[in-house]
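As a plain string of letters, each chain reads:
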Amino acid sequence: MNTPVILSETVQLPALDGYPLTATLYHAPEPIAQLLIAGATGVPQGFYRRFAEYAARRGYSTLTLDYRGIGQSKPASLRGFAMDYLDWAHLDLAAAVDQHRHPQRPLYMVGHSFGGHAFGLLPNHDQVQGFYTFGTGAGWHGWMPKAEQLRVLTMWRLIGPLLTRYKGYLAWSKLGMGEDLPLGVYKQWKRWCSFPRYFFEDPQMPDLAKRFAQVSTPIIAANALDDLWAPPASRDAFMAAYSAAPYQARTLDSAASIGPLGHMGYFRPAAQPLWDETLNWFAELQAQRQAA
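I will try to describe carefully the structure that is included in this document. (Residues numbered from 1 in each chain as written. Predicted model: local features only at pLDDT ≥ 70, side-chain atom pairs only at ≥ 80, totals over all residues. Heavy atoms only, no water.)

## Section: the side chain of Gln129
At step 1: Inspection of the secondary structure assignment puts Gln129 in the loop between helix H3 (114-119) and strand E6 (130-134).
At step 2: In this structure the side chain of Gln129 is engaged in a polar contact, spanning 3.2 Å, whose partner is the backbone oxygen of Gln127.
At step 3: Not counting the four nearest positions on each side in its chain, Gln129 is found in contact with Pro106, Leu107, Tyr108, Thr217, Pro218, Leu285 and Arg289. (Helix = DSSP H or I, 4+ residues; strand = E, 2+ residues; numbered from the N terminus. Polar contact = N/O pair within 3.5 Å; in protein donor to acceptor, adjacent residues only side chain to side chain. Contact = heavy atoms within 4.5 Å.)

## Concerning the pattern of salt bridges
At step 1: Taken as a whole and judged by the stated rule, the model has ten salt bridges.
At step 2: Asp236 is the salt-bridge partner of Arg235, the closest N and O atoms lying 2.9 Å from each other.
At step 3: On the basis of relative accessibility, which here comes to 3%, the residue Arg235 falls in the buried class.
At step 4: According to the relative accessible area criterion, Asp236 is partly exposed, its value standing at 39%.
At step 5: Counted as one network, the salt bridges with shared partners bring together Asp17, Arg68 and Asp92. (Salt bridge = Lys/Arg side-chain N within 4 Å of Asp/Glu carboxyl O. Buried < 20%, exposed > 50% of the residue type's maximum accessible area, 1.4 Å probe, protein only.)

## Let's talk about the environment of Asp227
At step 1: Its place among the elements puts Asp227 in the loop between strand E7 (219-224) and helix H7 (232-239).
At step 2: Judged by relative accessible area, which is 0%, Asp227 ranks as buried.
At step 3: C-alpha of Asp227 to C-alpha of Leu91: the two residues are 136 residues apart in sequence and 29 Å apart in space.
At step 4: In contact with Asp227, other than residues within four places in its own chain, are Gly135, Gly262, His263 and Tyr266.
At step 5: Looking at Asp227, its side chain comes within polar contact range of the main-chain nitrogen of Trp229, at 3.2 Å.

## Looking at the pairing of E7
Two faces belong to every sheet, and in a regular strand the side chains alternate between them.
At step 1: Extensive coverage of E7 is indicated by the burial of six of its six residues.
At step 2: Along E7, one buried face is formed by Ile219, Ala221 and Asn223 and the opposite face, lined by Ile220, Ala222 and Ala224, is buried too.
At step 3: Of the strand pairs in this sheet, E6 and E7 are connected by four bridges, and their pairing is parallel. Across the sheet, Phe134 pairs through a bridge with Ala222, a residue of E7. (Pairing = 2+ DSSP bridges.)

Dropping the structure here:
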């Protein structure tokens, strides 16, 4: 059987405050649902292309985007570029939900790391019928293995301050760890990673727990045992905030099946069995809604 070629197009997506974002729409040949991918911090949308194409072949019209300051949505220079880390959820992803939803088809969402944080921050999360997130955790070094704790603390306490002082932003690409990050993202991320339950313990943000408790969308959070940045204990510390949502935790021991995953392998080709699980779950949700 011939594998259908998936057509994609670049889409200009204004954020809720008008900031120009660049997104990519992957057209499903026979669409049954809409799918939005909420990426990780510092990861450009192209990283999710294979998953997006695969989902489109399964009938999911899929949208990826670069948050402001990242990839095709970044300014000419990040030096002096002012933004709040949560703008990615409040303004960027929220606009993508508004633009990508369809009057005749359900909208689902897949998250990666920060994407799992962002979902509870969306003002329009009720428009999403199912949310599946990979590698979402609380970010605190104490949830990580000892060697990774040392690496992360070195980044926060030594390398990060030196790079941001010199460049005016976090030149993460110099470390081979992803896209460069705006200064505001770096500062807030560093602060929240000092708390075992991430930003829920930040006294400057007392309303977040209440906002997450308002989410009622079905959620699955899958984390690999070899994910050094977001192991299952880290996931459990964060995802507990979705206290009113129908929720399942999925712990992946992939060593004997699809191989190592780490924090980024969920969206690499070897992880296709996970993609099928995710899309099959969305199909089950859709069948349940149609039968109700």
